[in-house]
Amino acid sequence: MAVALASRRYVQRHLDPCAVMRCLGATQSLLLRLYLAQFVVLGVLAAAGGCVLGYLAHFALHAWLAQLLATPLPPPGLLPAAQGVLVGLLLLFACAVPPLLHLKRVSTLRVLRRELGSPRGGLLGGYLSGFAALAVLMFWVAGEIALGAYVVAGFSVALFVFALLARAVVRLAAAARGGVSAGRSAGIGWRYGLASLERRASTSVVQIVALALGFMALLLLTVTRGDLLDAWQRAVPPDAPNRFVVNIQPEQVEEVRALMVAQGLSPELAPMIRGRLTTINGVEVSAASYTDDRAQRLVDREFNLSVRADLPEGNRLSAGRWFSPADLGGKGASAVASVEEGLATTLGLSVGDRLEFVVAGDRIGMTVVGLRKVNWDTMRANFFVLTPPVVLDGYPASWITSFYLSPEKADFVNRLIREFPNLTVIDVAAILRQLQAIMEQVARAVQFVFLFTLAAGVIVLYAALASAAEERRYELAVMRALGARREQLRRALLAEFAAIGALAGLIAAAGAIGVGQFLARQVFRFEVEVDLWLLPTATCCGALLVTGAGWLAVARLLRTAPLEALRGGSS
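The written sequence of each chain sets the order in which its residues are numbered from 1. In keeping with the model being predicted, local features are shown solely for residues with a pLDDT of at least 70 and side-chain atom pairs are shown and tallied solely at 80 or more, while totals for entire chains, interfaces and linings include all residues. As a rule here, side-chain values cover all heavy atoms of the structure and leave hydrogens and water aside.

Right, let's get into the overall build of the protein chain. From N to C terminus, the protein chain includes 17 helices and eleven strands. Across the 571 residues in the protein chain, those meeting the buried criterion constitute 42%. For the accessible areas, the method is Shrake-Rupley and the probe is 1.4 Å, while residue cover comes only from the protein chains on display. As displayed, the protein chain has an accessible area near 29,500 Å², and 64% of this comes from carbon and sulfur atoms. Starting at the N terminus, helices and strands are each numbered in turn, a helix being any DSSP run of H or I of at least four residues and a strand any DSSP run of E of at least two. Residue exposure (1.4 Å probe, protein chains only): buried if accessible area is under 20% of the type maximum, exposed if over 50%, otherwise partly exposed.

See the structure below:
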């Protein structure tokens, strides 16, 4: 966006020189080659500067995350720099060439009649060709067509929705300007500033969308990420098991149970029998039978099967039924099983399907009589496939259990290992603490990277202001010639910038809340409260940031003498 806006401004400023060169005999192809060569030089210099900045950011992130790495990283090579230069030049020419094509078609009559030869359509062409180049880069980075299509589709939908919202709020803001009554001088400034949004509606929408995308990325990585983690931690019961013990041998089960009960624990031990799924409804299955990566991994490994007479805690039926008294005694052709709902969805299973597993060299068939919805947040030992005890009776098994161990009883783990050296104890709490610490550091690093996204939004703002600088200067000069004071015009500009930033922050906050709710409900399957304070906070922060950046870009326009601006005209 910034490149397309800047290119349009560049074309406008070089219409007169091109007209003069046409009068002196320069051909259209010569003009195009001349300006393309200039853009090549500028693009290479800018890309080189970007590579230097990228390498500095790389070393900063490396120093930041060094403690997470077991081995030092090798020094960066030249391939990323070459890729960066290539990407920069591709985006530059994709966005800049459509406006530049107008320069070669400028009329020689513009030397005498300056109203001729104004480029039209180049900005839209720059946007479209730039988006096409960006889509190509997304497919390239994704590395596969399906993932690239998802990324491009998601980005396109977000861009379209943000553009619609931005256009709607710009119109509402312009319509609400009549209700501003904070004093005569201030009211005039605010009304003029809000009216400017509607007068430059397309440019305002571009600025708001670019800033909103950067704001939303930062909000997702800061506020929304924290809300999701807090909600997940609240969803886990305070007494949820924080230790898992595996590899318990059958002859050790009663001794381990007695030792845990003596410590005041209530262990629930379950057997694990290894089995490989071979057929579904008589059809042999393998990794090649599925296109989904998760399904391929599941079929390509052995399952941990288990037995159970009653429905486990944290499980509920989503389809079919649980084992009947007749099922508890059925073997062979009468054997039945209960399958976890997610596994059934991944492998395409349903109630009534006939499964066959190979267990210790034997083929064991079982009919799916029910599907279970498992609450994995209980942190208990759960299984994808459960059968009545009689179905897998006599096959080799090891046992597993999980329990909650309070900090004051932490020494119990050492005693358990001393008495049963073959056991493996997994400290889930320590793993989660380490994982959360890593996530915090990685998230801060990603936030650092996404600051460049926000900076890109500010650059778009600056490019949009620069592209309309002459028009703004002429308007301000006319207003001052008609009696407007400099203070009123200053307030009008600040009102416009504040509105752009506030609207961008509001849309970004709404988008972050929507994405957070989608992730919580559809991906992680838990409830997360909507932080309504995010809306006014993001709105105020966006208004302050954009007001400051915008004022730095246009403050000099107010210092231009009205007579000088009027003599120069608006183009």
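Our focus in this paragraph is the pattern of salt bridges. Should a side-chain nitrogen of Lys or Arg be within 4 Å of a carboxyl oxygen of Asp or Glu, the pair is scored as a salt bridge. This model, assessed by the stated rule, comprises eleven salt bridges. One salt bridge in this structure joins Arg380 and Glu268, with 3.9 Å as the shortest N-O distance. With Arg380 in the loop between β8 (362-374) and β9 (385-387) and Glu268 in the loop between α9 (253-262) and β2 (270-280), this residue pair connects regions lying 112 residues apart in the sequence. Arg380 sits in the partly exposed class, given a relative accessible area of 30%. Looking at Glu268, the relative accessible area reads 35%, which means it is partly exposed. For Glu419, the salt bridge goes to Arg415, with nearest N and O atoms at 3.4 Å. Of the two residues, Glu419 and Arg415 both sit in helix α12 (residues 412-419), four residues apart, roughly one turn of that helix. Residue Arg415 is classed as partly exposed on the basis of its relative accessible area of 32%.

The subject of this paragraph is the packing of aromatic side chains. Aromatic rings in a pair are described by how distant their centres are and how their planes are angled relative to each other. The rule is short: rings of Phe, Tyr and Trp, with Trp giving its six-membered ring, pair when the centres are within 6.5 Å, and they are stacked under 30 degrees, edge-to-face over 60, tilted in between. Using the criterion set out here, one finds three aromatic pairs in the structure. On the basis of an interplanar angle of 85° and a centroid distance of 5.9 Å, the ring pair of Phe303 and Phe357 is categorised as edge-to-face. You can see Phe303 sitting in strand β4 (residues 303-307) and its partner Phe357 sitting in strand β7 (residues 354-359), a full 54 residues away along the chain. Note on Phe303: relative accessible area 2%, which makes it buried. Its relative accessible area of 1% is what places Phe357 among the buried residues.

What follows covers a nonpolar patch on the surface. Every patch collects residues that have over 30% relative accessible area and no salt bridge, joining them within 9 Å if they carry like charges and within 5 Å if they are nonpolar side chains (Val, Leu, Ile, Met, Phe, Trp, Tyr). Together, Val157, Phe160, Val161, Leu164 and Leu165 make up an exposed nonpolar region whose accessible area comes to about 460 Å². Following the sequence through the fold, Phe160 ends up in helix α6 (residues 145-175). A relative accessible area of 55% places Phe160 in the exposed class.

One finds Phe162, Leu197, Ile208, Val209, Leu219 and Ile507 to be the most contacted residues of the largest nonpolar core, which totals 36 residues. At the level of elements, α6, α7 (184-199), α8 (201-235), α15 (486-523) and α16 (534-558) are the ones that each hand at least two residues to this core. Counting residues per element, this core draws most heavily on α15, at twelve residues. In this view, Leu219 contacts Thr224, Ala508, Ala509, Ala512, Leu534 and Ala538; residues no more than four positions away in its chain are not counted. Note on terminology: a nonpolar core comprises buried Ala, Val, Leu, Ile, Met, Phe, Trp, Tyr and Cys residues joined through side-chain atoms within 4.5 Å. Leu298, Val307, Ala344 and Leu392 belong to the second-largest nonpolar core, a separate cluster that totals 29 residues. Residue contacts are defined here by distance: any two heavy atoms, one from each residue, within 4.5 Å place the two residues in contact.

Method remark: on a 1 Å grid restricted to protein atoms, a set of points is classed as a cavity if a 1.4 Å probe fits but cannot get out and as a pocket if it is open with protein on both sides within 12 Å along at least five of seven lines; lining residues have an atom within 4 Å of a point. Grid points are joined across faces, edges and corners, and a volume is the space filled by probe spheres set on the points. Counted according to the given criterion, the structure contains three cavities of 30 Å³ or more. Taken as a whole, the largest cavity spans an internal volume of roughly 110 Å³. In terms of lining, the largest cavity is formed by 13 residues, of which the most central are Thr224, Asp227, Ile513, Gly516 and Glu529. Elements that contribute at least two residues to the lining of the largest cavity include exactly α8 and α15.

Two strands pair when backbone bridges link them, and strand β5 (residues 315-320) and β8 are joined in this way by five bridges, in the antiparallel orientation. Bridge pairing in β8 places Ala319 opposite Leu371. Two elements, β7 and β8, share six bridges in a ladder whose sense is antiparallel. Its bridge partner being in β8, Glu356 is matched across the sheet by Gly365. Criterion used throughout: strands pair if DSSP finds at least two bridges between them.

Here α12 has its buried residues at Phe412, Val413 and Leu416. On an axial view of α12, the arc spanned by its buried residues comes to 100°, and they lie on one face. Packed against the buried residues of α12 are β1 (243-248), α9, β10 (398-403) and β11 (424-427). What the arc measures is the spread of directions leading from the helix axis to the C-beta atoms.

The subject of this paragraph is the side chain of Thr279. Relative to the elements of secondary structure, Thr279 occurs in strand β2. If sequence neighbours within four positions are ignored, Thr279 has contacts with Glu284, Val285, Arg354, Leu355 and Glu356.

Sulfur atoms of two cysteines make up a disulfide when they are within 2.5 Å. Tallied over the full model, the rule gives zero disulfides. No disulfide involves Cys540; its nearest neighbouring cysteine sulfur is the one of Cys541, lying 6.9 Å away. Judged by its relative accessible area of 49%, Cys540 is partly exposed.

Another aspect to go through is the pairing of β7. Of the two faces of β7, only one is covered, namely that formed by Leu355, Phe357 and Val359; the face formed by Arg354, Glu356 and Val358 stays uncovered. Of the strand pairs in this sheet, β2 and β7 are connected by four bridges, and their pairing is antiparallel. Within the sheet, the bridge partner assigned to Ile280 lies in β7 and is Leu355. Between the antiparallel neighbours β7 and β8 lie two residues, among them Ala360 with a positive phi of about 50°.

Position of Phe448 relative to the elements: it lies in helix α13 (residues 428-467). Overall, the relative accessible area of 25% leaves Phe448 in the partly exposed class. Between the C-alpha atom of Phe448 and that of Ala57, which follows or precedes it by 391 residues, the distance is 8.9 Å.

Moving on: the side chain of Asp327. Examined against the element boundaries, Asp327 turns out to sit in the loop between β5 and β6 (336-340). Within polar-contact distance, the side chain of Asp327 engages the side chain of Arg321 at 2.5 Å. Pairs of N or O atoms within 3.5 Å make up the polar contacts considered here, provided that, within protein, one atom can donate a hydrogen while the other can accept it, and that residues adjacent in sequence are counted only when both atoms are side-chain atoms.

This paragraph deals with the confidence of the model for the protein chain. Detailed reading of the predicted coordinates is not advisable wherever pLDDT is low. In predicted models, pLDDT denotes the confidence assigned by the predictor to each residue on a 0 to 100 scale. Averaged over all residues, the pLDDT of the protein chain equals 79, while 82% of them reach at least 70. No element of the protein chain has a lower mean pLDDT than helix α17 (residues 562-568), which averages 58, and none a higher one than β6, which averages 94. Here residues 181-185 is modelled with pLDDT under 50, and outside its nearest four sequence neighbours on either side it reaches four contacts, counting other chains as well.

Of note in the backbone geometry, Asn281 takes a positive phi value of approximately 55° without being a glycine. Turning to its location among the elements, Asn281 is positioned in the loop between β2 and β3 (283-284). Residue Asn281 is classed as partly exposed on the basis of its relative accessible area of 44%. With a phi close to 50°, Ala360 is a non-glycine residue in the positive phi region. As for its position among the elements, Ala360 is in the loop between β7 and β8.

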